[in-house]
Structure formats: structure tokens, C-alpha cells
Amino acid sequence: MPREQNTRMLRNGYIWAGLILMAPALSCLAQNKSVVVEEVVARVNNDVITRSDLEHARSEMQQEAQQDCPKCTPEEINQKVAAEDKNVLRDLIDNSLLVQRGKDSGVNIETDVIKRLDDIRIQNKIPTMEELETQIDKSGVSFEDFKNNIRNQLIQQEVIRHEVGSKIMLDHARVQKYYDEHKSEFTRPEQVTLREIFVSTEGKPESDVPALRKKAEDLLQRVKNGEDFGELAKHFSDGSTAKQGGDLGRFEHGQLAPNIEQAVFVLQRLQTTDVIPTKTGFLLLQVGEHYAAGEQPEDKVENEIMDRLYNEQLRPALRTYLETLREESYVLVKPGYGDTAAVPSSTIEEVSPTPDDDKKKKKSTPTPNTPVPGSKPD
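Residues numbered from 1 in each chain as written. Predicted model: local features only at pLDDT ≥ 70, side-chain atom pairs only at ≥ 80, totals over all residues. Heavy atoms only, no water.

A. Spotlight on the pairing of strand β6 (residues 191-200). Most of β6 sits out of view: 9 of its 10 residues are buried. The pairing of β6 with strand β7 (residues 247-252) spans 5 bridges and is antiparallel. Paired with Gln 191 across the bridge in β7 is Glu 252. Sheet topology note: the β6/strand β9 (residues 281-291) ladder contains 10 bridges and is antiparallel. Each bridged residue has a counterpart across the sheet, and for Thr 193 the counterpart in β9 is Glu 289. (Buried < 20%, exposed > 50% of the residue type's maximum accessible area, 1.4 Å probe, protein only. Helix = DSSP H or I, 4+ residues; strand = E, 2+ residues; numbered from the N terminus. Pairing = 2+ DSSP bridges.)

The structure is reproduced here in C-alpha cells:
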């Protein structure tokens, strides 16, 4: 599959469903002048996963479930979390393996880390990187930990893209076959997909309005000059969709305000409206796709089909790749904790030196009672 399609999938948020940001391992200092090593629940080569990592991942999973389903009841949220809970440790191990592989392979994403931090700064209207660091530290999260989590996430994405995604090959014949077999799914009313750049005037003095309108007009000119609408939205839009590159979704007739509908349904793919004044600011809209009513021709839905086929192949391919990483690694889970992707492995047992030339390390298979170094005794 071409590189741009792989990166598009990652950029659009498709990462293996189990990938959760791995929290840094913590250590606890007990009172009475004694040091207690935090419970280690798994070792992944030279890294450890602690009980705090598990609790942190579960907390994030709870928050994500609430964000994904804001209308769900607490009971429904708990059911969703419980269904995924069994895979939390598996996901943390997967993350660790991917990060280690990236570092071993010399993956360098430091420029991307700085760019991601700057995107966060811009999206949150923070004037300087120093102020971003101050605000993160004030939130109770170490800026270095925050930065390292971003670094690890980007390393994981790059390993997936290079080691797995780049090996997924999709040709026109497969796209044609899928289209022929699923034509009914591509019969639609007239629709447009839209992206927005919004320049807000809300709460601003009247004297600022002309400058804000000029800002919107300048952004429109930059789009006309060939700059990417989505990137401009990320950096300059005041709308809630800025982080998603201004993506608003798909709309049919009757779903938009009359003046908006009149402006966008006459446009074709990648055409942009003029600046549209609203009560709270100035709006630019770009049509991503314009679907005529009826059965959509293949060229209109080719990218959509490519994404579907890519997703279908990426999941099992990534799982297979992670199994290979596990087989090549030292992964040991403390009894009482479940790793749903465990594979047979062996530990290395050092033996006394011998004068033989063919000295080798003996291998022994761990038993369920093998203690995890650094963990609390049962």
C-alpha cells in the first residue's frame, strides 16, 4: 500500500484498538524510613509494568468510554469497560514491545514530538511552549512524562506503519471486487462531506471584527494558493473541530441551515466557500466529497473502500506481528494477572562457567509459580 495511504490511516486515528498510552512506572516510598518497591505485575525484557500502570490504563479506558458514549448510563459504561478489562495488561505489554522495537530499530521521531506539542499548544490557544509546560505541570502531570507519552505513542505508530502497514498491498482488482460485491452500500442520497475553519468574534470588541474578517479572508486565500485546508484548520480554527482538521462529517439536504446548504451543494470536491459571516464569527467550509444521489461510481468511493480493506487486514496482521515480538522477547507475568495474548516462551537460566568451548545458556520453561523479581510475595 502506498506510504501516503498508510500515513493517512494513522493520521485519521486508526491505531490498533488495544493501543492505550502506557503510563510511566512509578515507585512508592513508604513511611517509617523503609522503601517499598511497587508491585510489578509483568516484565517485558528490561521494562516493567506495575500495578499503578494497570490502574492508570483502566482509568483512561473509563474516561474514553464516557467520551465515546456521553448518553450512556453508568451501568452501560461499566459494561463497556468490563468487556475490555481483560485486555488491559495485554495492551500495555503490546505497547512496551512496540516502543522497544522502535528504539532498537533507531526510530527517530523527535521532530514529530516537537510538532505534536506545538499542535497541542496552538489548539489550546497557549502563547508559548514554556507556558504549555507550566500548565501541564500545574495539572499534576510531569511535563517530561507527558512528552515521553507522546514520544512512545509516535514510536508505536511508526513501527506499525513501517513493520505492518507498509506490507499490506491493495490493488485495483481488490477494490473493484469489493465494490461489485457491496454496491448496495454505496447507494445514497445527495451528500457532501464538509470541513470548517471558524474565526470567532464572540466576546471580542467591535473594533476587532474587521481584523478577524481579514484573518478569515487570508486563510481562504492560503487555501486557494494550495495549502492544506485541514492543516490550516488545526492551527488557526477557533471551532471545536480544529483538532480533527475541521472535519464536520457528512450531510444531506435539509440537515444544514438554508444559507449554508445553498453555499456548499453547488461545490465539487475540494472546493471552498467564500467567507460566510455568522452571528459569532466568520466561517469557511470545504467540500471533501460531493456524492450525487443514487449509486455512487467506484471512483467516488475508492478511498473509502481502500480504508475498509486496509482496516480489515491491519488488525490480524498487527496481532501476528505482536505475537512474533513476544516470541522473540522475555515476557513474564505475575501469577494472578492475565495476559490474553500470551505465547509460549522460556526464561534464560545462567549456569556456572565450564571449560568447554561450546558453553551455552540452559533454558527452562517458567512455571505458574515462578516469582516476578521486585514483586510482593503472595
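B. Here's a closer look at the sheet that holds strand β4 (residues 47-50). In spatial order, the strands read β4-β3-β11; together these 3 strands make up an open sheet with antiparallel pairing. Lying at the two open borders of the sheet, with one neighbouring strand each, are β4 and β11 (331-333). Taking each pair of neighbouring strands and ignoring which way they run, the sheet shows an average axis angle of 20 degrees. Bridge count between strand β3 (residues 40-44) and β4: 4 bridges; the pairing is antiparallel. Paired with Val 40 across the two strands is Thr 50, which belongs to β4. Lying over the sheet, helix α4 (residues 88-104) contacts β3, β4 and β11, oriented at roughly 35 degrees with respect to β3. (Axes fitted to C-alpha atoms, helices over the stretch in contact; angles between N-to-C directions. Contact = heavy atoms within 4.5 Å.)

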